[in-house]
Amino acid sequence: MTPSTDTSGGGPVRQGAQGSAGTGEPWAASGAGAGAGAGAGAGARARAAAGVSSGQASAPARVPQQGGAVRGEHTHSEPPLPVAPRPRPVVQRASVRGQILDALRAALVAGDLRPGEVYSAPVLGERFGVSATPVREAMQQLALEGAVEVVPNRGFRVVERGVRELAELAEVRALIEVPVMLRLARTVPAERWAELRPLAEATVRAASSGCRATYAESDRGFHRAVLSLSGNEQLVQVAEDLHRRAQWPLVGGGPGGRGRADLVADAHEHTALLDALVARDLDVVRALVGEHFAGAAAVG
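Let me begin by describing the structure that accompanies this report. (Residues numbered from 1 in each chain as written. Predicted model: local features only at pLDDT ≥ 70, side-chain atom pairs only at ≥ 80, totals over all residues. Heavy atoms only, no water.)

1. Here we look at the nonpolar core
What tends to happen in soluble globular proteins is that the nonpolar side chains get buried as a cluster.
Next up, step 1: Judged by nonpolar contacts, the single largest core of 26 residues is most densely connected at Trp193, Val226, Leu273, Leu274, Leu277, Val285 and Val289.
Next up, step 2: Contributions of two or more residues to this core are made by helix H6 (163-187), helix H9 (212-228), helix H10 (233-246), helix H11 (260-279) and helix H12 (282-299).
Next up, step 3: At 7 residues, H6 tops the list of elements feeding residues into this core.
Next up, step 4: Those residues in contact with Leu273 that sit more than four places away from it in its chain are Met181, Phe222, Val285, Leu288 and Val289.
Next up, step 5: Listed in part, the 19 residues of the second largest apolar core include Leu104, Ala107, Ala121 and Val158. (Core = buried A, V, L, I, M, F, W, Y, C linked by side-chain atoms within 4.5 Å. Buried < 20%, exposed > 50% of the residue type's maximum accessible area, 1.4 Å probe, protein only. Helix = DSSP H or I, 4+ residues; strand = E, 2+ residues; numbered from the N terminus. Contact = heavy atoms within 4.5 Å.)

Encoded structure:
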């Protein structure tokens, strides 16, 4: 059948546009008007075929609407059927940004991004094989976390931290985590602590690799699991933010600021802490957590 056209919308529209609008992209809204015109024409031809003149019609023709609804069919007691949402394409931007953010955090901990140095998004994008946009977005997140600062027209400077700041972070972490762990030691049964044993052992293996970034991630995972037993998600998030900041290297620390022996000793404190929590030895728990934070601040 030769397709009819409608020039009112700026160009020819196929008579079957209504069917296309029902299955095409959601932005193809112009198909609704063409479909309505085609539906009206089809109704007139149907009445003519049945021998009914236009003057004999007692009811208006049914005009299809976009999405399959039919004008004139609905009553006050019968709401229109909802239009099923159309599937949308999966957007990968957030995924790329998240991967770049993780990579930049690991580079910070490992010392690959040195304190005081300025890094541009395009140069880092070339290193990671992506455009500058997700790198810039990830760097802006790091700026919110206090890891870097924006340098106009240049890029992002890695924040320089001293021993005092690391000691202050260790003190705040102890103020938050020690009371929580003491409370958990009184209430959490031994079998729940036993479930965390694999995480503690994983920190020892990560420390043995000598990779600061690998150990940092494993270390945070163990502390997060312990604090999650409190059921306070806000506390877990605040504690993890402080923990992450405490893992950034000091000025002049470089990649080897915290050696393998320091990491292994730090990791073994996790297993000792679990033993004290199982035994409900509050004095040992308090001493171990305090030494754990102080040791991390001393060798950060």
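2. Remarks on the pairing of strand E2 (residues 148-151)
Next up, step 1: Note that E2 and strand E3 (residues 155-158) share 4 bridges and pair antiparallel. Paired with Val150 across the strands is Phe156, a residue of E3.
Next up, step 2: Here E2 hands over to E3 after 3 residues, with Asn153 in that stretch at a positive phi of 65°. (Pairing = 2+ DSSP bridges.)

3. Focus: the packing of helix H4 (residues 121-128) against helix H5 (residues 132-145)
Next up, step 1: Remark: H4 packs on H5, axes separated minimally by 8 Å, with the N-to-C direction vectors making an angle of 115°. As the angle between them shows, H4 and H5 are arranged roughly perpendicular. Considering how the two elements wind past one another, H4 and H5 form a crossing that is right-handed. Where H4 approaches H5, its residues Ala121, Pro122, Leu124 and Gly125 are matched on the opposing element by Ala132, Val135, Arg136 and Met139. (Axes fitted to C-alpha atoms, helices over the stretch in contact; angles between N-to-C directions. Parallel < 35°, antiparallel > 145°, perpendicular 65-115°, else oblique. Left-handed = near helix turned anticlockwise from the far one by under 90°.)

4. Some thoughts on the environment of Arg105
Next up, step 1: The residue Arg105 is located in helix H3 (residues 93-110) in this model.
Next up, step 2: For Arg105, a relative accessible area of 16% corresponds to the buried category.
Next up, step 3: Arg105 sits 42 residues away from Ala147 along the chain, and the two C-alpha atoms are 8.9 Å apart.
Next up, step 4: Excluding residues that lie within four positions of it along the chain, Arg105 makes contacts with Leu142, Glu145 and Arg244.

5. Quick word on the side chain of Gln247
Next up, step 1: For Gln247, the location among the structural elements is in the loop between H10 and H11.
Next up, step 2: With relative accessibility at 12%, the residue Gln247 sits in the buried group.
Next up, step 3: A polar contact is formed between the side chain of Gln247 and the backbone oxygen of Ala216, at a distance of 3.0 Å.
Next up, step 4: For Gln247, the residues in contact, after removing those within four places along its chain, are Val109, Arg212, Ala216, Asp219 and Arg220. (Polar contact = N/O pair within 3.5 Å; in protein donor to acceptor, adjacent residues only side chain to side chain.)

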